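Here is how the chains run, residue by residue.
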Amino acid sequence: MSKVIDLTGKRFGKLVVVGRETNWPANGTFWKCQCDCGTSRIVNGWKLRTGETVSCGCSRRKKARDRAMNPNSKFRKMSLEKMNQDSVDGTRLKQLSMRVSQHSSKYKGVSFHKSSGMWTACIKFQQHKRHLGTFSTEQEAAAAYITEAKRLFDPVLIANGREPLSTERYFKEGY
Ligand SMILES: [Zn+2]
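Residues numbered from 1 in each chain as written. Predicted model: local features only at pLDDT ≥ 70, side-chain atom pairs only at ≥ 80, totals over all residues.

A look at the environment of cysteine 56
You can see cysteine 56 is positioned in the loop between helix H1 (45-49) and helix H2 (58-69). Once residues within four sequence positions are removed from consideration, cysteine 56 is found in contact with Cys35, Cys37, Thr39 and Arg41. (Helix = DSSP H or I, 4+ residues; strand = E, 2+ residues; numbered from the N terminus. Contact = placed C-beta atoms within 7 Å.)

Next comes the structure, spelled out in C-alpha cells:
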C-alpha cells in the first residue's frame, strides 16, 4: 500500500487543501479544498500535484470568457462559430433535444414508450447512461429515478456544499 502524502494546508494555484476526503465514491486519494473565490471542492490528489486542477473551475471559466471576449484572439472566432453552429435563434440545439427526449414525462429521466405502453427510467452519471427498468406508471419510473439519483448524486452534492436532492420537490415540480 502506497503512503499518502498529507497535503493539508498546501496551496495549489487558487486551491488550499483543507483536509483529506476519505468518503468519496471513486478510486484515488481525494482532498477537500477551498478555492480563493470561496467555493469548496473535492479534488483528486494526483490532479493537484500535477497542476491539472488549480481552481474550483472558476479560473477555467474566466479564461474561456476572456478568450471569447478578446477580439484579437483566434479562439474568439472559433468559440463564436461553435456557438452559432449549436444554436438557432439563440436557442441551444442541445437543450432542445434534451427537452424532446424528456417530452413524454414531466419527470427527469422518465420517458413513455408508445409501442409497449410502458414507462422507462434512465439515469446518466459520469458519462454513463444506465437503464433503471420499465414500469407501468409514470410515478413508479420517477421513483426509480429519484432513488438512484439520490444514491449517486447526493454524496457528490453534499461533499461540494450543495443541498441534496429533495424527493418532495422532484415529485412536485418534476425538475
Ligand atoms: Zn474558484
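Re the pairing of strand S2 (residues 15-21)
Here strand S1 (residues 11-12) pairs with S2 via 2 bridges, running antiparallel. The residue of S2 that forms the bridge with arginine 11 is valine 16. The antiparallel hairpin formed by S1 and S2 contains 2 residues in its connecting segment, where glycine 13 sits at a positive phi of about 65°. (Pairing = 2+ DSSP bridges.)

What to know about H2
Spanning 12 residues, H2 covers 16 Å between terminal C-alpha atoms, matching the ideal 16 Å at 1.5 Å per step. Along H2, only 0 of the 12 residues are buried, which leaves the element largely exposed. (Expected span 1.5 Å × (residues − 1). Buried ≥ 20, exposed ≤ 12 C-beta atoms within 10 Å, placed from the backbone.)

Some remarks on the sheet that holds strand S4 (residues 40-44)
The strand order across the open sheet formed by 4 strands is S1-S2-S3-S4, and the pairing between neighbours is antiparallel. Because the sheet does not close on itself, it has two edges, and the strands there are S1 and S4. With 5 bridges joining them, strand S3 (residues 30-35) and S4 adopt antiparallel strand pairing. Of the residues in S4, the one forming a bridge with tryptophan 31 is valine 43.

Points about the sheet that holds strand S9 (residues 128-135)
Strand-to-strand pairing in sheets goes through backbone hydrogen bonds, with the strands running parallel or antiparallel. Reading across from one edge, S7-S8-S9 is the order of the 3 strands in this open sheet, with antiparallel pairing throughout. Only two strands of the sheet have a single neighbouring strand rather than two, namely strand S7 (110-113) and S9. Taking the axes of each pair of neighbouring strands and ignoring which way they run, one obtains an average angle of 30° across the sheet. Alignment of S7 against strand S8 (residues 118-125), held across 4 bridges, turns out to be antiparallel. For phenylalanine 112, the partnering residue across the bridge sits in S8 and is tryptophan 119. (Axes fitted to C-alpha atoms, helices over the stretch in contact; angles between N-to-C directions.)

Focus: helix H5 (residues 138-159)
Relative to the 32 Å expected for 22 residues at 1.5 Å per residue, H5 spans 31 Å between its end C-alpha atoms, a close match to the ideal helical length. The largest bend along H5 measures about 40° and falls at phenylalanine 153, with the proline proline 155 one to four residues further on. Three or more residues of H5 are buried, namely Ala141, Ala142, Ala144, Tyr145, Ile146 and Ala149. Within two residues after H5, glycine 161 carries a phi angle of roughly 75°, on the positive side. (Bend = angle between axes of the 7 residues up to and from the residue.)

So, the pairing of S8
Between the antiparallel neighbours S7 and S8 lie 4 residues, among them glycine 117 with a positive phi of about 70°. Pairing between S8 and S9: 7 bridges, direction antiparallel. If you follow isoleucine 123 over to S9, its bridge partner there is arginine 130. Counting the residues that bridge the hairpin from S8 to S9 gives 2 residues, and of these glutamine 126 lies at a positive phi of roughly 50°.

Some thoughts on the nonpolar core
Among the nonpolar cores identified, the biggest contains 11 residues, and these are Tyr107, Val110, Trp119, Ala121, Ile123, Ala141, Ala142, Ala144, Tyr145, Ile146 and Ala149. Secondary-structure elements contributing two or more residues to this core are S8 and H5. In this view, tyrosine 145 contacts Tyr107, Lys108, Gly109, Val110, Ala121, Ile123 and Leu132; residues no more than four positions away in its chain are not counted. Ranked by size, the runner-up nonpolar core spans 9 residues in total, among them Phe12, Leu15, Val17 and Trp31. (Core = buried A, V, L, I, M, F, W, Y, C linked by C-beta atoms within 7 Å.)

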